[in-house]
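Remarks on the overall topology
Okay, here's what each chain looks like letter by letter:
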Amino acid sequence: MSTESDVKAPVRVCNGCGKENYSASYSPNCAEKKLIDSMGICFDCAFWEVRAKLTHETVIDHYLYGVGDQPKGGKYNGMGGRRFDIEYFDGRVVTTYDLWAGGEIPERFRGRIPDTARFSGGASRGKAGDITCWDASTDQKP
Ligand SMILES: [Zn+2]
């Protein structure tokens, strides 16, 4: 005789990373949810699948960034309003006081989301345990 507690839900395994029993409960209108259902992948894989289909301006050392438009001293600047100098591979050099971190690109997506730039002026990304942190560029005299 079988009771309800004997019935086990099938193990859902992500077709992207192999994660087991990932959640598929997301808003039906979100782009990731559509991929979760159609590709049988977890949210993390769907998140990067969505981004791999887009063109990204600022990817430095396998990390996605957004350069905001707030001026130095703005109230809600990314990275606490610290200075970041960025040298794009197309030759542009940008100094921003409004840099936003978009996440470390998983290894399996790096071929589809290539680096576009590098930090300069002493800026860098590092890790302290599990925490990702950044050193800002130092103000330089021209
Ligand atoms: Zn996955």
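Here's a quick rundown of the structure.

As for the overall build of the protein
- Each helix and strand counted, the protein has 2 helices and 8 strands in total.
- Starting at the N terminus, the α and β elements of the protein follow one another as α-α-β-β-β-β-β-β-β-β.
- Relative to its length of 142 residues, the protein is extended, with a C-alpha radius of gyration of 20 Å against a globular reference of 14 Å.
- By the burial criterion, 35% of the 142 residues in the protein qualify as buried.
- Within the protein, contacts between residues at least 6 apart in sequence are counted, and of these 55% link residues at least 24 apart.
- Element-wise, carbon and sulfur atoms account for 51% of the exposed surface of the protein, whose accessible area totals about 9,100 Å².

Describing the packing of aromatic side chains
- Considering all chains together, one arrives at 8 aromatic pairs under this definition.
- These aromatic residues form a ring-pair network of at least three members: Tyr63, Tyr65, Phe84, Phe119 and Trp134.
- In this arrangement the basic side chain of arginine 12 is found over the ring face of tyrosine 22, its NZ or CZ atom lying 5.3 Å from the centre.
- One residue, arginine 92, lies across the ring of tyrosine 88, its end atom 4.1 Å from the ring centre.

Re the pattern of salt bridges
- Tallying each qualifying case throughout the model produces 10 salt bridges.
- Across the pair arginine 125 and aspartate 61 runs a salt bridge, and its minimum N-O distance is 3.7 Å. Of this pair, arginine 125 sits in strand β7 (residues 124-128) while aspartate 61 sits in the loop between β1 (58-60) and β2 (63-67), placing them 64 residues apart in sequence.
- By relative accessible area, which is 22% here, arginine 125 ends up partly exposed.
- By relative accessible area, aspartate 61 is classed as partly exposed at 47%.

What about helix α2 (residues 43-52)?
- Burial analysis of α2 places 7 of its 10 residues in the buried class, which makes it a mostly covered element.
- Along α2, the residues that are buried comprise Cys45, Ala46, Trp48, Glu49, Val50, Arg51 and Ala52.
- On the buried face of α2, the contacting elements are α1 (31-40), β2 and β5 (99-104).

Quick word on the coordination of the zinc ion
- Taken together, Cys14 (SG), Cys17 (SG), Cys42 (SG) and Cys45 (SG) make up the full set of protein donors to the zinc ion, lying 2.3 Å away.
- Seen from the zinc ion, its 4 donor atoms lie at angles of 104 to 113°, and the figure they make is tetrahedral.
- For the zinc ion, the single-chain donor residues occur in sequence as C-x2-C-x24-C-x2-C. With cysteine 17 in the segment before α1 and cysteine 42 in the loop between α1 and α2, the pair connects residues that are 25 residues apart, well separated along the chain.

Criteria and cut-off values
Residues numbered from 1 in each chain as written. Predicted model: local features only at pLDDT ≥ 70, side-chain atom pairs only at ≥ 80, totals over all residues. Heavy atoms only, no water. Helix = DSSP H or I, 4+ residues; strand = E, 2+ residues; numbered from the N terminus. Rg over C-alpha atoms; globule rule 2.2 N^0.38 Å. Buried < 20%, exposed > 50% of the residue type's maximum accessible area, 1.4 Å probe, protein only. Contact = heavy atoms within 4.5 Å. Areas by Shrake-Rupley, 256 points an atom, 1.4 Å probe, with all protein chains shown as cover. Phe/Tyr/Trp six-rings, centres within 6.5 Å; stacked < 30°, edge-to-face > 60°. Lys NZ or Arg CZ within 6 Å of the ring centre and 35° of its normal. Salt bridge = Lys/Arg side-chain N within 4 Å of Asp/Glu carboxyl O. Donors = N, O, S within 2.8 Å, 3.2 Å for Na, K, Ca; no water. Tetrahedral: all angles 85-135°; square planar, octahedral: opposite > 155°, others 65-115°.

Note that all results are geometric; they support no functional claim without further evidence.
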